Amino acid sequence: MGRQLHLHQHYEFLLEPIHSPSGDAMAWELLTRAAQEKGSVESGHQLFENLLGPEKWQLFQLQLEKISALYQSGFAHIVSLNVDGEIISHILASDAVQQKLDRLPLLRLEVSTFFTTRYQARDRLLLQKLVGITPALLWLDDFGAGSSTLSMLSSGIFEYVKTDKNFFWKYGEGFAFDSLLNHVNDLCRGVIVQGVNTPQHLDMLAHKPVVGLQGGQWKSLSFNELTGKTTSSSRLKTLKTVPATAINYRNFL
């Protein structure tokens, strides 16, 4: 018999903030971590690579349960969740999950540029089908990594694009990064830069045409902090208005 994974015992869930250039939290990404791997947090598409097919689907449904509970507690921010091609195919085949997604209008689904080795017409069709059956808008993750192409954006199905953190660290101060921002901004609603870990990174992005910043510069929050007994309407209001770290932002735009 194949091994069985008890997800409630093996996984912990965090929300990593995405800040606007003005300093306010504009959205949160759901991060999933294996409980036995303390100190290492993996986003959904990275974690999926190490799971069996049924485990991926089981984990995705558990993530939806967590997000539903978060919104029921009064949370009113956008939350993004990573998916891959296999999960998308399961969504398209499941009326029950589609109904759950219909009740989560603030959910965004992140698709990594690595979800396919070579972006082809059938990949675009798969994503277009997903857009057609769920209100969850799509974000493209890891743009600027080796498999990224502008053809992935030409259909206009992605709301926002998140740049690859390694691309930012290597080229963030040069023409290549500025060129990427200009091209990508023409094909979506805006760019979110990942890998913003230091005040120096904030300086690098001053006056750049970006809509969001994400990285180690800000603290992630556990689900217990948001949905536990201490959660209150005043706590939720604070989360909406106060940056996760005490940083005095320059005028980015």
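Shown above is the structure to which this text applies.
As the structure is a computational prediction, the values presented were derived from the model and not from experiment.

J.: Help me understand the overall build of the protein, please; the structure alone is not making it clear to me.
T.: The helix and strand inventory of the protein stands at 11 helices and 10 strands. Across the 253 residues that make up the protein, the buried fraction comes to 51%. A fraction of 66% describes how many contacts in the protein between residues 6 or more apart in sequence connect residues 24 or more apart. Carbon and sulfur atoms make up 50% of the accessible area of the protein, which amounts to about 12200 Å² in all.

J.: Explanation requested: the side chain of D164 in the structure shown.
T.: The topology assignment puts D164 in the loop between β7 (158–163) and α7 (165–171). Comment: no salt bridge for buried D164; closest opposite-charge side chain is K165, at 7.4 Å. Of the polar contacts made by the side chain of D164, one reaches the backbone nitrogen of F167; its length is 3.0 Å. Ignoring anything within four residues of it in the chain, the contact list for D164 reads D142, F143, G144 and A145.

J.: Can you walk me through the packing of helix α4 (residues 85–93) against helix α6 (residues 121–133) in this structure?
T.: What describes two packed helices is the angle between their axes and the distance between those same axes. Packing of α4 against α6 leaves a shortest axis separation of 10 Å and a crossing angle of 45°. Comparing their axes, α6 and α4 come out oblique. With respect to the hand of their crossing, α4 and α6 are arranged in left-handed fashion. Along the contact surface, α4 presents G85, I88, S89, I91 and L92, while α6 presents L126, L127, K129, L130 and I133. Partitioning the contact of α4 with α6 into residue classes produces seven nonpolar, two polar and one charged.

J.: Would you explain the packing of aromatic side chains in this entry?
T.: Any pair of aromatic rings gets described here by the distance separating the centres and the angle formed by the planes. Under the defined criterion, the tally for this structure stands at eight aromatic pairs. Here the aromatic rings of F167 and F177 are separated by 6.3 Å at their centres, their planes lie at 35°, and the arrangement is tilted. A residue pair is termed long-range when its members are at least 10 positions apart, and F167 in helix α7 and F177 in helix α8 (residues 175–185) qualify at 10 residues. For F177, a relative accessible area of 0% gives the class buried.

J.: Any chance you could explain α8 here in plain terms?
T.: At 3.6 residues per turn, the α-helix brings residues three or four places apart onto the same side. Along α8, the residues classified as buried are F177, L180, L181 and V184. Here the buried residues of α8 occupy an arc of 100° about the axis, which is enough to place them on one side. Where α8 is buried, its residues contact β6 (137–143), β7, α7 and β8 (191–194).

So, how was this worked out
- Residues numbered from 1 in each chain as written.
- Predicted model: local features only at pLDDT ≥ 70, side-chain atom pairs only at ≥ 80, totals over all residues.
- Heavy atoms only, no water.
- Helix = DSSP H or I, 4+ residues; strand = E, 2+ residues; numbered from the N terminus.
- Buried < 20%, exposed > 50% of the residue type's maximum accessible area, 1.4 Å probe, protein only.
- Contact = heavy atoms within 4.5 Å.
- Areas by Shrake-Rupley, 256 points an atom, 1.4 Å probe, with all protein chains shown as cover.
- Lys, Arg positive; Asp, Glu negative; His and termini not counted.
- Salt bridge = Lys/Arg side-chain N within 4 Å of Asp/Glu carboxyl O.
- Polar contact = N/O pair within 3.5 Å; in protein donor to acceptor, adjacent residues only side chain to side chain.
- Axes fitted to C-alpha atoms, helices over the stretch in contact; angles between N-to-C directions.
- Parallel < 35°, antiparallel > 145°, perpendicular 65-115°, else oblique.
- Left-handed = near helix turned anticlockwise from the far one by under 90°.
- Nonpolar A, V, L, I, M, F, W, Y, C, P; charged D, E, K, R; others polar.
- Phe/Tyr/Trp six-rings, centres within 6.5 Å; stacked < 30°, edge-to-face > 60°.
- Arc of directions from axis to C-beta.

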